[in-house]
Amino acid sequence: MYQPDLFAAGTFGKPTERPARTPELDVPAILDRLTAACERPRYNFMVLNLIAQASARTGSAGPYIREGDRRIPIRDWLCDAMAPVARRDPRRLALADKIRTELAASGQLPIRADEAEVVVAEAVRQRIRKSGRTNVSRAVSELVQVGFVRRHYQGFRVDHHNRGAQRLAVYTITDETRRGLSRTL
């Protein structure tokens, strides 16, 4: 004789099924999820790695990143960190030529070549940073949708309906993603 409450109804003699376990997140799984959900998975992966690097000590990156004696907003820091990727891009070279022509036409281009290159490089950096903020925001939005990053804002008007009301973003990488990025074979 057996005790009926020890066995669930209809499972007697059948192997017990374990609930499906989600696999551990690792770099291939992160890349797979990014590829399935994002427009630019490689760019997003680079942004994710930079956020992980910036948040290594506290778990959150932002609203400012300390670089030497300067404090830079996180989006600007990410833009500056991603800028070298497009160093040889034909559009970037064309932008430098366009800026050089504009400065020469307005009489603001220094005569000495080395000084002129510094002025042109700074103007290019400013324009790239302006457009790069949009790219970084789009990438972080996709990372939030995929579940790798959480975003909140800190600043002057926290409860204001306009997210840009003198508030700066703070990005927090999830624990699962942090473990996945740090796993090695």
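Residues numbered from 1 in each chain as written. Predicted model: local features only at pLDDT ≥ 70, side-chain atom pairs only at ≥ 80, totals over all residues. Heavy atoms only, no water.

Undergrad: Residues and numbers for the packing of helix H3 (residues 74-82) against helix H5 (residues 113-146), please.
TA: At a minimum axis distance of 8 Å, the contact between H3 and H5 shows a crossing angle of 110°. One element, H3, and the other, H5, form an angle in the roughly perpendicular class. H5 is crossed by H3, and the crossing has right-handed handedness. Where H3 abuts H5, its residues Arg75, Asp76, Leu78, Cys79 and Asp80 lie against Arg125, Arg129, Gly132, Arg133, Val136 and Ser137. (Axes fitted to C-alpha atoms, helices over the stretch in contact; angles between N-to-C directions. Helix = DSSP H or I, 4+ residues; strand = E, 2+ residues; numbered from the N terminus. Parallel < 35°, antiparallel > 145°, perpendicular 65-115°, else oblique. Left-handed = near helix turned anticlockwise from the far one by under 90°. Contact = heavy atoms within 4.5 Å.)

Undergrad: So what's going on with the side chain of Thr177? Which residues, and what values?
TA: Along the chain, Thr177 turns up in helix H6 (residues 175-182). Contacts of Thr177, omitting those with residues within four sequence positions, involve Leu25, Ile30, Leu48, Gly147 and Phe148.

Undergrad: Mind laying out the nonpolar core, listing which residues take part and the relevant values?
TA: Counting 30 residues, the largest nonpolar core has Val47, Leu78 and Phe148 as the members making the most contacts within it. Broken down by element, the residue count for this core peaks at seven residues, all from helix H2 (residues 41-54). (Core = buried A, V, L, I, M, F, W, Y, C linked by side-chain atoms within 4.5 Å. Buried < 20%, exposed > 50% of the residue type's maximum accessible area, 1.4 Å probe, protein only.)

Undergrad: For the pairing of strand E5 (residues 167-173), give the residues involved together with the corresponding values.
TA: Burial runs high along E5: six of the seven residues are buried. Pairing between strand E1 (residues 60-61) and E5: two bridges, direction antiparallel. Among the inter-strand pairings, Ala61 is bridged to a residue of E5, identified as Tyr171. (Pairing = 2+ DSSP bridges.)

Undergrad: Got a sec to walk through the pairing of strand E3 (residues 70-73)? Specific residues and values, please.
TA: As paired elements, strand E2 (residues 64-67) and E3 share four bridges and run antiparallel to each other. Residue pairing in the sheet places Glu67 in a bridge with Arg70 of E3.

Undergrad: So, the pattern of salt bridges: which residues are in play, and what are the values?
TA: One pass over the structure, following the stated rule, counts 11 salt bridges. Residue Arg125 pairs with Asp80 through a salt bridge whose shortest N-O separation is 3.9 Å. Residue Arg125 is located in helix H5, and its partner Asp80 is located in helix H3; the two are separated by 45 residues in the primary sequence. Between Glu102 and Arg127 there is a salt bridge, and its shortest N-O distance comes to 2.9 Å. (Salt bridge = Lys/Arg side-chain N within 4 Å of Asp/Glu carboxyl O.)

Undergrad: So what's going on with the confidence of the model for the protein chain? Residues and values would help.
TA: Residue-level pLDDT values for the protein chain average 82, and 80% of them are 70 or greater. The least confident element of the protein chain is strand E4 (residues 149-155), whose mean pLDDT is 85; the most confident is H2, at 94. (pLDDT = per-residue confidence, 0-100.)

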